[in-house]
Amino acid sequence: MGVMISQPLDKQLPHGVADLFFNDAARKRTVERALAETFARWGYSEIIPPMFEYHESLAAEAGPQLREEMYRFFDRDGRTLALRADFTIPTARIVGTKLFDRAMPLRFFYIGSVFRYEEPQAGVRREFTQAGVELIGANTADADAEAIALAMTALRAIGLNDFRFTLSNAAYLLATLRDLALTEADDAALRDAIRRKNAPALAQLLDALKLDATRQRALAQLPSLWGNADVLGRAICINDDAHATIERLRAVVARLAQFGLADFVTLDLAENRNMAYYTGILFEGFVQGLGFAVASGGRYDNLIAHFGHNIPAVGFAIGVERVMMAQRARASIAPDVIAQVYDARVEQARARGQIVEVDVLNRDDAALREYARVRGARAIWWRDGHVERLDTDKR
Amino acid sequence: MAELTIALAKGRLLGPSIKIFESLGYELRDARDSRKLVIASNGARFILAKPMDVPIYVEYGAADVGIVGQDALRESGTNVYEPLALGYGACRLVVAGKPEFQNAEWKMLAGLRVATQYPRVTKQYFSARGLSAEIIEVYGSVELAPMVGLADLIVDVVDTGRTLRENGLVELDEIFKSQAAFIVNRAAHTLRANEIRELMEKM
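Thresholds, definitions, all that
- Residues numbered from 1 in each chain as written.
- Chains lettered and ligands numbered in written order.
- Predicted model: local features only at pLDDT ≥ 70, side-chain atom pairs only at ≥ 80, totals over all residues.
- Helix = DSSP H or I, 4+ residues; strand = E, 2+ residues; numbered from the N terminus.
- Buried ≥ 20, exposed ≤ 12 C-beta atoms within 10 Å, placed from the backbone.
- Contact = placed C-beta atoms within 7 Å.
- Core = buried A, V, L, I, M, F, W, Y, C linked by C-beta atoms within 7 Å.
- Pairing = 2+ DSSP bridges.
- Right-handed = clockwise from strand over helix to strand, strands pointing away.
- Nonpolar A, V, L, I, M, F, W, Y, C, P; charged D, E, K, R; others polar.
- Expected span 1.5 Å × (residues − 1).
- Arc of directions from axis to C-beta.
- Domains from an automatic or database assignment.
- Axes fitted to C-alpha atoms, helices over the stretch in contact; angles between N-to-C directions.

Asker: How should the overall build of chain B be read in this particular structure?
Answerer: Helix and strand content of chain B: eight helices and eleven strands. Oriented by its inertia axes, the alpha-carbon framework of chain B measures out at about 55 × 30 × 25 Å. Counting across all 203 residues of chain B, residues that qualify as buried make up 43%. Of the contacts formed within chain B by residues at least 6 apart in sequence, a portion of 65% connects residues at least 24 apart.

Here it is in structure tokens:
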């Protein structure tokens, strides 16, 4: 390329891929094992689709963005092949063509590389690893809640306890936009303004479209419909279907409450992802210290029908590289122990490889406890030898 | 939890942005000294960055929220929330060129060359109109390009239009209007929902 870098091509690496070895390779396998074990305990068995197949089947319902991002190439017969860009579409193909007559629901998990021709940015690579599940053959709030609860449980299994999930329903916007003969450009602009919570641009667009007053109000307030379950009471439903989508969210939140997980959910009705195949609930998981989602998923009831059999499904994927980034961010900030004074224990623990911070500000007990909490330490060693374990799960 | 991190675009938006946060009780006298990049004040951390960098800081979560012009935001192509338009820093992104290009003559030109600091928006604008334009990315004094024959047209922000006139250029088309926007990282929006909601209500 430039004057300074004149390495021969066989020593360079293309954009968006990475070599892993030593600790990183080991950490990746540890994460993958923990996720696989968690999925298996919930009754999910592994599915391994091929790394590439006909572009035609992978492009099914993929949505223009994902389709554009697929790596395509030709086989010797001149047919177009593509590398898998997610696991959901291959799984849908397998179920729709081979497993449609099995006892439902089917529970599958997968772990492996997917490939997307994207500009590497904000946690995006061209080859990255997804670990996720598909729960197939059940269109119920229980199935929705199981998918979300399993995603949360999986994050816990790899030590990411401080997650929050956003939850929305793609069908709410679909129902609210029903029977509007919008041009493609208007539809895209409207969805984009809603997705970006761009209230001023949305108001302008709606003014120009001259919708009926109720529908206009329902859409205009979407950017502000986020928060706890009260949000559901404020949603304006212009037809029975819209109403049903809100009731569904209410039911999912109630099930999550039974799992003890409802407090980790933020409802956000403005979410509408660019993935064309989602038809119902949508969710994304975030953890402290990382600016983008580590998990995302949703309900896709029409995808398998494309492969011949009309079977509903819900699923999610966890970005393995992203959770590794989150773990690393955490490791660099959280000590294992905060010690009130330097003593022999400190030296021994450090020799064992533990991260031990010693207080050098002579804090009083309350201040030190607060500091340890803020730092995310797992224990405090007090001057008198007492060990206080901190409940890091509750943070 | 760490303090809320707020990225502010330097340049003409900085003064009004500082005023907003000072009126909310933050001490930001240091922000006017442009050499300081990070300022801690009243439980928040302010970072001062070039306008084009603010959306990037926010998209990656290096800052939780930010204030930046919609022009830089659109150019960045980042995936962030933009819930508030703040009303100041109004300007327009326009196509401009020499007066002989008025009456849409430029649309007839094959092999159009366009100089700009906004290559992404420029590319979208021309390709959406089926015009093949060669986009030349420059880093300042864009008006110079048509004068010395580097480009036929420019795409740039104008405020009063004085700079264009002084350099013998005329506005040919408006691409969009811009003002300061409050933007939010998608993860922070959920993880720090209460703090951000409170801040937005005060603003």
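Asker: In this structure, what is going on with the nonpolar core? I would like to understand it.
Answerer: Soluble globular proteins: nonpolar side chains tend toward being buried together. The biggest cluster of nonpolar side chains holds 133 residues, and the ones touching the most others in it are Ala151, Leu155, Val294 and Ile318 of chain A together with Ile183 of chain B. Of all the elements, helix α5 (residues 141-157) of chain A adds the most residues to this core, at ten residues. Not counting residues within four places of it along the chain, the set of residues in contact with Ile318 of chain A comprises Leu35, Ala131, Gly132, Ala151, Ala154, Val294, Ala295 and Val323 of chain A. One finds Ala96, Phe101, Ile154 and Val155 of chain B within the second-largest nonpolar core, a separate group that totals 21 residues.

Asker: Got a minute to help me understand the pairing of strand β7 (residues 112-116) of chain B in this structure?
Answerer: Taken residue by residue, a regular strand's side chains alternate between the two faces of the sheet. All names here are of chain B. The pairing of β7 with strand β8 (residues 133-137) spans five bridges and is classified as parallel. Its bridge partner lying in β8, Ala115 is registered against Ile136. The parallel pair β7 and β8, bridged by helix α4 (residues 119-128), forms a crossover whose chirality is right-handed. For β7 and strand β9 (residues 153-158), the ladder comprises three bridges, and the chain directions are parallel. For Val114, the partnering residue across the bridge sits in β9 and is Leu153.

Asker: Would you mind showing me how to read the interface of chain A and chain B here?
Answerer: Often the size quoted for an interface is simply the accessible area lost on bringing the parts together. Contacts between the two partners involve 17 residues from chain A, matched on the other side by 14 residues from chain B. For the side of chain A that touches chain B, the secondary structure elements donating two or more residues are β7 (163-169) and α8 (199-209) of chain A. Of the residues belonging to the side of chain A that touches chain B, the class tally is eight nonpolar, six polar and three charged.

Asker: What is the right way to look at helix α7 (residues 184-195) of chain A in this model?
Answerer: Each α-helix winds once per 3.6 residues, and so residues spaced three or four apart point in a common direction. Residue and element names in this part refer to chain A. The terminal C-alpha atoms of α7, which comprises twelve residues, lie 16 Å apart, in line with the 16 Å expected from a rise of 1.5 Å per residue. Along α7, the residues that are buried comprise Leu190, Ala193 and Ile194. Along the axis of α7, the buried residues cluster in a sector spanning 100°; they form a single face. The outward face of α7, more than 90 degrees from its buried face, is lined by the exposed residues Glu184 and Ala185. Those residues of α7 that are buried are in contact with α6 (170-177) and α8. Lys197 occupies a position one or two residues after α7 and carries a positive phi of about 50°.

Asker: Just checking my understanding: could you explain the domain arrangement of chain A for this structure?
Answerer: By domain assignment, chain A separates into domain 1 (12-329) and domain 2 (335-394). Summarising the inter-unit geometry, the C-alpha centres of domain 1 of chain A and domain 2 of chain A are found 40 Å apart.

Asker: What is the right way to read the sheet that holds strand β3 (residues 72-74) of chain A from this model?
Answerer: In sheet architecture, strand pairing relies on hydrogen bonds along the backbone and comes in two forms, parallel and antiparallel. All names here are of chain A. What the three strands build is an open sheet, ordered β2-β4-β3; its pairing is antiparallel. For this open sheet the edge positions go to β2 (52-54) and β3, each flanked by a neighbour on one side alone. The mean angle between the axes of side-by-side strands here comes to 35°, regardless of whether they run parallel or antiparallel.

Asker: I'm lost on the environment of Ile175 of chain B in this one. Help?
Answerer: Residue and element names in this part refer to chain B. For Ile175, the position within the fold is in strand β10 (residues 170-178). Taking the C-beta count within 10 Å as the criterion, Ile175 has 19 such neighbours and is therefore assigned partly exposed. Note: C-alpha distance between Ile175 and Leu93 (82 residues apart in sequence) is 5.5 Å. With sequence-adjacent residues up to four places away left out, Ile175 is seen in contact with Leu93, Val94, Val95, Val121, Tyr125 and Val155.

Asker: How do you make sense of helix α4 (residues 88-99) of chain A when you look at a structure like this?
Answerer: Residues and elements named next belong to chain A. Among the twelve residues in α4, nine count as buried, and that is most of the element. Inspection of α4 places Thr88, Ile89, Pro90, Thr91, Ala92, Arg93, Ile94, Val95 and Gly96 among the buried residues, and these make up the whole buried set. Contact partners of the buried residues in α4: β2, α2 (55-58), β5 (106-115), β6 (127-136) and β12 (313-319).

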